[in-house]
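Here's the letter readout for the chains.
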Amino acid sequence: MKRYQGKEVSPGIAEGRILVLCSRVSASVGEKAGDVCADAECEWKRFLQARQRALSELSSLCSHSESCLGCEAADIFRAHRIILSDEAFADAVETAVRKEGLPAECAVRRAERIFLSMLSGCEEETFHARTADVKDVCARLVCILTGMTDDRLPAFREPVILCADDLSPSEAMQIDKKWVLAIVTRQGSLVSHTAILARMMGIPALTGVDFDGAIDGHTGAVDGDCLLVDPDGPYLENLRLKKKHADTERDMLKELLHLPAVTGDGRRIGLLANVGVLSDIEDALKNGAEGIGLFRSEFLFLGRESCPDEEEQFAVYSAAARMLGEKKLVIRTLDLGADKLASWMPADREENPAMGMRAIRLCLTKPELFRTQLRAILRAAVSGNVALMYPMITSLQEVRRLRAFTAEVKAELRAEGALFAEQLEEGIMIETPAAAVTADFLAPEADFFSIGTNDLTQYTLAADRQNKALSEFYDEKHEAVFRLMRYTVDAAHKAGIKVTVCGELAADTELTERLLALGVDELSVSPAFLLPVKKKVREL
Ligand code: PEP
Ligand code: MG
């Protein structure tokens, strides 16, 4: 039996076979020259066919990105087509195939190196931009030539404990909890979006585990903050008992299901859920959620090849609204960017993505993308009690621009005679220090506030929420974060609006008392934490 220590980011106990995911497509494929190829003509033809396929993939990406994201996005793929059609690039591949006898994929890598070294003479910014394009084009060709894809998730045949170096939110989105008993990664942190997704799905997860790749196929167990490989009989027996005990405790909590979240002195606290997909709403309702305080709409855009169109979004938002009936559904507008990158969305590599083109910045820069989402939400809002929420606010100007944009979209729907909700609340997330310290300006122009402590902590303490090496510095309980929250709540109440806390901190029952003392009106947590938090509120 071998024990690996990690950090528990989603609680739970699991037992099953270990599956280690390989690393992402292979920057290394095609790197080694390997055997000299027998038939240069055949390799050259393979390259020409692959190039043809890549060109047609890029054409569809161009038209798709143009309709979803506008011309600028499509230009990126146009540039990729130009690189692919470049005579000098093809010549470099041909020389490597015919003169050096390299197989097509190795010849592509050889041409890539030649192009990259030519670019190294450019000024820095151009170099970075073009380098990424050349690498992207070559990776596309190598994938076509080798039949590989970037999709690492296998077709599961049995439930597994999934181990990986890291898992992107797009990959986590594709996970079916029927097949994944637990997630174990080397990278990641408590507030990384993959960890948040695991909590929302109720899948136990550990990060920071330095496992050995050879554990693939072995029996494993996840127990609190450790991964056990080949656990022995007595250990497993104990673990099963522990699981039974945890299940019983959970069943006892069910007795609270229909009781309100009210403190001993009669203060009523709203208890809402954070969700990402429709099935999470079922979990939330089963656990007594009074509504959805945070619907992370961006998860509908991840883990897929193309951007969902208005009708697809409309179908999901209206299904969510109908599932909730009278209960509130707060739909957060797209918070893509940083670690949440959609594969269909061409993104420039950013040095500092958490401080980059994210959330409303992306929406305001890609108005077509935003307009489509708003149209779908406004139309779906007639089916329930829907509110809009804008993420990553830093100024009053942004709030005004966003509200004006939404008003424009309403006018457009009105002119078309479409059925949509004229009246719906528009709230904002307080997750930057700028928003918190200007909360008194923002409050009169927002219908509600929702404090996102995950980002508020990262931006206040200048500690990347994704970086596991910083976990001791990423302190959500830091006095600075609490002072910002206090200021936010006071400003909101002066303006007569409510405050929800929807960051992960809201689920920490050791902090419930402190949050209520600040005057917070509502807590929004992952479905699995609803009943433990309710129990805590009722004990206070
Ligand atoms: C937050 O930042 O606290 C939040 C709820 O938003 P997200 O975790 O999705 O960034
Ligand atoms: Mg956030």
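Residues numbered from 1 in each chain as written. Chains lettered and ligands numbered in written order. Predicted model: local features only at pLDDT ≥ 70, side-chain atom pairs only at ≥ 80, totals over all residues. Heavy atoms only, no water.

Asker: Looking at this structure, how should I read the coordination of the magnesium ion (ligand 2)?
Answerer: Between any two of four tetrahedral donors, the ideal angle at the metal is 109.5 degrees; between two of six octahedral donors, it is 90 or 180 degrees. Of the protein atoms, only Glu431 (OE) and Asp455 (OD) coordinate the magnesium ion (ligand 2), at distances of 2.0 to 2.2 Å. With glutamate 431 in the loop between strand 13 (426–430) and helix 14 (433–437) and aspartate 455 in helix 16 (residues 453–461), this pair connects stretches of sequence that are 24 residues apart. Taken individually, glutamate 431 and aspartate 455 each receive the classification buried, so the pair is uniform in this respect. (Donors = N, O, S within 2.8 Å, 3.2 Å for Na, K, Ca; no water. Helix = DSSP H or I, 4+ residues; strand = E, 2+ residues; numbered from the N terminus. Buried < 20%, exposed > 50% of the residue type's maximum accessible area, 1.4 Å probe, protein only.)

Asker: Is there a simple way to think about the pairing of strand 14 (residues 448–451) in this case?
Answerer: Strand residues, when the strand is regular, have side chains that alternate between the two faces of the sheet. Alternating positions in strand 14 separate into two faces, Phe448 and Ser450 on one and Phe449 and Ile451 on the other, with burial throughout. Pairing analysis gives three bridges linking strand 13 to strand 14, with the strands arranged parallel. Residue pairing across strands places methionine 429 opposite serine 450, the latter belonging to strand 14. Pairing geometry for strand 14 and strand 15 (residues 498–501), over four bridges, is parallel. (Pairing = 2+ DSSP bridges.)

Asker: Any chance you could explain the sheet that holds strand 8 (residues 226–229) here in plain terms?
Answerer: The strands making up a sheet are joined through hydrogen bonds of the backbone, oriented either antiparallel or parallel. Ordered in space as 1-8-7-3-4-5-6-2, the eight strands form an open sheet in which the pairing is mixed. Looking at which strands have only one partner, the edges of the open sheet turn out to be strand 1 (2–5) and strand 2 (7–10). Taking the axes of each pair of neighbouring strands and ignoring which way they run, one obtains an average angle of 30° across the sheet. Of the strand pairs in this sheet, strand 3 (residues 13–20) and strand 7 (residues 219–223) are connected by five bridges, and their pairing is antiparallel. Bridging from a neighbouring strand, arginine 17 pairs with threonine 219 of strand 7. Along the sheet, helix 8 (residues 233–253) makes contact with strand 1, strand 3, strand 7 and strand 8, crossing strand 3 at roughly 125°. (Axes fitted to C-alpha atoms, helices over the stretch in contact; angles between N-to-C directions. Contact = heavy atoms within 4.5 Å.)

Asker: Explanation requested: the packing of aromatic side chains in the structure shown.
Answerer: The description of an aromatic ring pair uses the distance of the two centres, along with the angle that the planes make with each other. Using the criterion set out here, one finds five aromatic pairs in the structure. Here the aromatic rings of tryptophan 44 and phenylalanine 47 are separated by 5.4 Å at their centres, their planes lie at 25°, and the arrangement is stacked. Linking tryptophan 44 with phenylalanine 47, this pair stays in helix 1 (residues 40–69), spanning three residues, or about one helical turn. Residues tryptophan 44 and phenylalanine 47 agree in their burial class; the two are buried. Where phenylalanine 301 meets tryptophan 344, the ring centres are 6.3 Å apart and the plane angle is 45°; that geometry is what we call tilted. Of the two residues, phenylalanine 301 sits in the loop between strand 10 (291–296) and helix 10 (310–324) while tryptophan 344 sits in the loop between strand 11 (328–332) and helix 11 (359–365), which places them 43 residues apart along the sequence. With a relative accessible area of 2%, tryptophan 344 lands in the buried category. Above the face of the phenylalanine 211 ring, arginine 186 is positioned so that its terminal group lies 4.0 Å from the ring centre. When the ring centre of phenylalanine 482 is taken as origin, the NZ or CZ atom of arginine 514, which lies over that ring, is 3.7 Å away. (Phe/Tyr/Trp six-rings, centres within 6.5 Å; stacked < 30°, edge-to-face > 60°. Lys NZ or Arg CZ within 6 Å of the ring centre and 35° of its normal.)

Asker: For this particular structure, what's the right way to read the pattern of salt bridges?
Answerer: Side chains that differ in charge, positive against negative, can pair when their charged atoms come close. Evaluation of the coordinates by the stated rule reveals 45 salt bridges. Put simply, glutamate 426 and arginine 403 hold a salt bridge, and the shortest N to O gap is 3.6 Å. Pair noted here: glutamate 426 is in strand 13 and arginine 403 is in helix 13 (residues 396–416), with a separation of 23 residues, a long-range link. Glutamate 426 gets classed as buried once you look at its relative accessible area, which sits at 6%. Taken together, the shared-partner salt bridges in this structure form one network comprising Glu310, Glu311, Glu368, Arg371, Arg375, Arg379, Glu412 and Glu416. (Salt bridge = Lys/Arg side-chain N within 4 Å of Asp/Glu carboxyl O.)

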